[in-house]
Amino acid sequence: MAVPFTASDAARLDELDPLRPFRDRFVLPEAVTYLDGNSLGALPKRVADAVGEAVTRQWGEGLVGSWNTADWIGLPQRIGVLLAPLIGATAAEVVACDSTTINIHKLVTAARKLQPTRDIIVCERTNFPSDAYAVQAIARATGASVIEADAHDISEAIASAGSRLAVVELTHVHYKTGYMYDMAAVTEATHRQGGLIVWDLAHSAGAFPVDLSGCQADFAVGCGYKYLNGGPGAPAFVYVARRHLGLVDNPLQNPGQNPVQNPVQNPLPGWMGHAQPFDFAHEYQPAAGVDRMLTGTPSVLSMVALEAALLDWADVDLAQVRKKSVALTELFIRLVDEQLEGYGFDLASPRVAAQRGSQVSLTHPEGYAMVQALIDRNVIGDFRAPDILRFGVTPLYTRYVDIWNAVDALRAIMHDETWKQPRFRTPKHVT
Ligand SMILES: Cc1ncc(COP(=O)(O)O)c(C=O)c1O
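Owing to the predicted nature of the structure, the values given are computational and were not obtained by experimental measurement.

Calculation rules
Residues numbered from 1 in each chain as written. Predicted model: local features only at pLDDT ≥ 70, side-chain atom pairs only at ≥ 80, totals over all residues. Heavy atoms only, no water. Helix = DSSP H or I, 4+ residues; strand = E, 2+ residues; numbered from the N terminus. Rg over C-alpha atoms; globule rule 2.2 N^0.38 Å. Buried < 20%, exposed > 50% of the residue type's maximum accessible area, 1.4 Å probe, protein only. Contact = heavy atoms within 4.5 Å. Polar contact = N/O pair within 3.5 Å; in protein donor to acceptor, adjacent residues only side chain to side chain. Near = heavy atom within 4 Å. Areas by Shrake-Rupley, 256 points an atom, 1.4 Å probe, with all protein chains shown as cover. Nonpolar A, V, L, I, M, F, W, Y, C, P; charged D, E, K, R; others polar. Axes fitted to C-alpha atoms, helices over the stretch in contact; angles between N-to-C directions. Parallel < 35°, antiparallel > 145°, perpendicular 65-115°, else oblique. Left-handed = near helix turned anticlockwise from the far one by under 90°. Pairing = 2+ DSSP bridges. Expected span 1.5 Å × (residues − 1). Phe/Tyr/Trp six-rings, centres within 6.5 Å; stacked < 30°, edge-to-face > 60°.

A. Representation of the overall build of the protein. Assigned secondary structure in the protein consists of 12 helices and 15 strands. Taken against the 2.2 N^0.38 rule, which gives 22 Å for 431 residues, the C-alpha radius of gyration of the protein at 23 Å falls within 12% of a compact globule. Overall, the protein is about 70 × 60 × 45 Å in size when its C-alpha atoms are taken along their principal axes. Taking all 431 residues of the protein together, the buried fraction comes to 54%. Taking the intrachain contacts of the protein between residues at least 6 apart in sequence as the baseline, contacts between residues at least 24 apart amount to 72%.

Encoded structure:
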């Protein structure tokens, strides 16, 4: 029989962890075991200074002039430059703006309009509500039909849509279970039918390396406040492959390559996506590149926070992030197997590491009260109705001892039946 894993084994793994120094870049309360960076990333220390400077000096003293002197106007693109290497994109293909939800609406609509002779949108049945609502609304507005399939049946659904397939919209890592699609394979299957794909990277960007260009992805959206640590309500981003922007790769070396005749259009045109916003022209003329996906004025303070958070990624080895993420989630699953048997938990996340994002989810019908009891013991995960206990792993600051603490606390609240206290059943607005 295998020797059970102990707290000192966890401490030893932390000592050997090459990513260990990165934890010092974050503000993390000493007593807290934080496993909710997939909902709200921890505060990077440099963010407070950056936001303080933006408020006090740039806004307080620089006033409106800071749009130029502090280059507030360039924030969406500057963030794109920092984000691009994390998602396998070039800077010309990424821009920060709006929320993930708004960007899903923009990109799915835009993709649908590029496919006027096709009328099926494929989506996952249990996708995040915003993704599902957007797809349903866009289908209604544009006269398309939706095929909803379970994750394991997506390739069949795509194939069954055949020449009617317009768009596939999927969340790369499922928000509840952590199930991760094979991005290259699903993108390829979509293209084989002549469809376009929009990837929601809410639970991918910053969690592990993503290779949008290598997978030939068409469009992607993502979230700034989860694994990217941009702060509550941080701006989201959009990615548009350069072929859909009408950009030619290195025109001198590719003289025969023509820009696409039909580049993507922003269905929510606004002055910030105009080629010359300060011409205040009456006619809309989209900006040349991905800037055309902008709509209104950037939320400067939030963007300043996100930009500062992204600066911390410059020297991060993403392969190491993924390696540690897998090690942490494997350990979590092992400890659940070793310590929680007989308490009625089921593993909702895939056991195969290649199919799992950076989280471990368990199911239990009383999961809500259990998560509240854990929070009471300073172990922060979250609950997703109807029965998911969700634990996010963020390798820049999650330690092996955090995994140990979380499962040990869960075992303790089950053993002592602490979770049965009525105070843990009171519903809160945010779960
Ligand atoms: C997969 C996924 N898509 C979209 C969203 C919505 O993001 P927002 O509320 O920032 O628009 C979330 C939020 O958690 C999410 O997890």
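Having put the structure on the table, let's press on.
B. Representation of the side chain of serine 130. Mapped onto the elements of the fold, serine 130 is located in helix 6 (residues 129–142). Residue serine 130 is classed as buried on the basis of its relative accessible area, which comes to 15%. Within the structure, serine 130 has its side chain in polar contact with the side chain of threonine 101 (distance 2.8 Å).

C. Focus on the site of the ligand. Looking at the ligand, the residues that line it are Ser99, Thr100, Thr101, Phe128, Asp131, Thr171, Asp200, Ala202, His203, Tyr225 and Lys226. At 2.8 Å from an oxygen atom of the ligand is found a side-chain nitrogen or oxygen belonging to histidine 203. Notes on the ligand: free accessible area 400 Å², of which the protein chains cover 85%. Residues of the shell around the ligand, tallied by class, amount to 3 nonpolar, 5 polar and 3 charged.

D. Region of interest: the packing of helix 4 (residues 75–87) against helix 9 (residues 300–311). Orientation of helix 4 relative to helix 9, taken along the N-to-C sense of each, is 30°, at an axis distance of 10 Å. By the criterion of interaxial angle, the relationship of helix 4 to helix 9 is roughly parallel. For the pair helix 4 and helix 9, the sense of crossing is left-handed. On helix 9, the residues touching Leu75, Pro76, Arg78, Ile79, Leu82, Leu83 and Leu86 of helix 4 are Val300, Met303, Val304, Leu306, Glu307, Leu310 and Leu311. Residues belonging to the contact of helix 4 with helix 9 are distributed by class as follows: 12 nonpolar, no polar and 2 charged.

E. Spatial organisation of the sheet that holds strand 4 (residues 94–97). What the 7 strands build is an open sheet, ordered 4-10-9-8-7-5-6; its pairing is mixed. Looking at strand neighbours, the two that pair on one side only are strand 4 and strand 6 (145–149), the edges of this open sheet. On average, each strand axis in the sheet is inclined to that of its neighbour by 20°, with strand direction left out of account. Bridge analysis of strand 8 (residues 196–200) against strand 9 (residues 219–222) gives 3 bridges, and the strand direction is parallel. Bridge assignment links tryptophan 199 to a residue of strand 9, and that residue is alanine 220. Those strands touched by helix 6 are strand 5 (120–124), strand 6, strand 7 (165–171) and strand 8, and its axis lies near 165° from that of strand 5.

F. Molecular detail of helix 2 (residues 45–59). Spanning 15 residues, helix 2 covers 21 Å between terminal C-alpha atoms, matching the ideal 21 Å at 1.5 Å per step. Every buried residue of helix 2 is accounted for by Val47, Ala54 and Gln58.

G. Structural detail: the packing of aromatic side chains. A full pass over the atoms with the stated rule returns 11 aromatic pairs. Ring geometry for tryptophan 67 and tryptophan 72: centres 5.4 Å apart, planes at 85°, overall edge-to-face. Since its relative accessible area comes to 25%, tryptophan 67 is described here as partly exposed. With relative accessibility at 8%, the residue tryptophan 72 sits in the buried group. Aromatic rings pair up to connect Phe26, Tyr34 and Tyr397 into one cluster.

H. Spotlight on the environment of serine 163. Structurally, the position occupied by serine 163 is in the loop between helix 7 (154–161) and strand 7. As a C-alpha pair, serine 163 and alanine 369 span 206 residues in sequence and 48 Å in three-dimensional space.

I. Looking closely at the sheet that holds strand 15 (residues 388–392). Taken in spatial order, the 4 strands of this open sheet run 11-12-15-14, and their pairing is antiparallel. Among the strands making up the open sheet, the edge pair consists of strand 11 (346–347) and strand 14 (382–384). Sheet analysis places strand 11 next to strand 12 (residues 359–363), joined by 2 bridges and oriented antiparallel. Residue pairing across strands places leucine 347 opposite leucine 362, the latter belonging to strand 12. In the packing of helix 10 (residues 318–339) onto the sheet, contacts are made with strand 11, strand 12 and strand 15, and the angle to strand 12 comes to roughly 25°.

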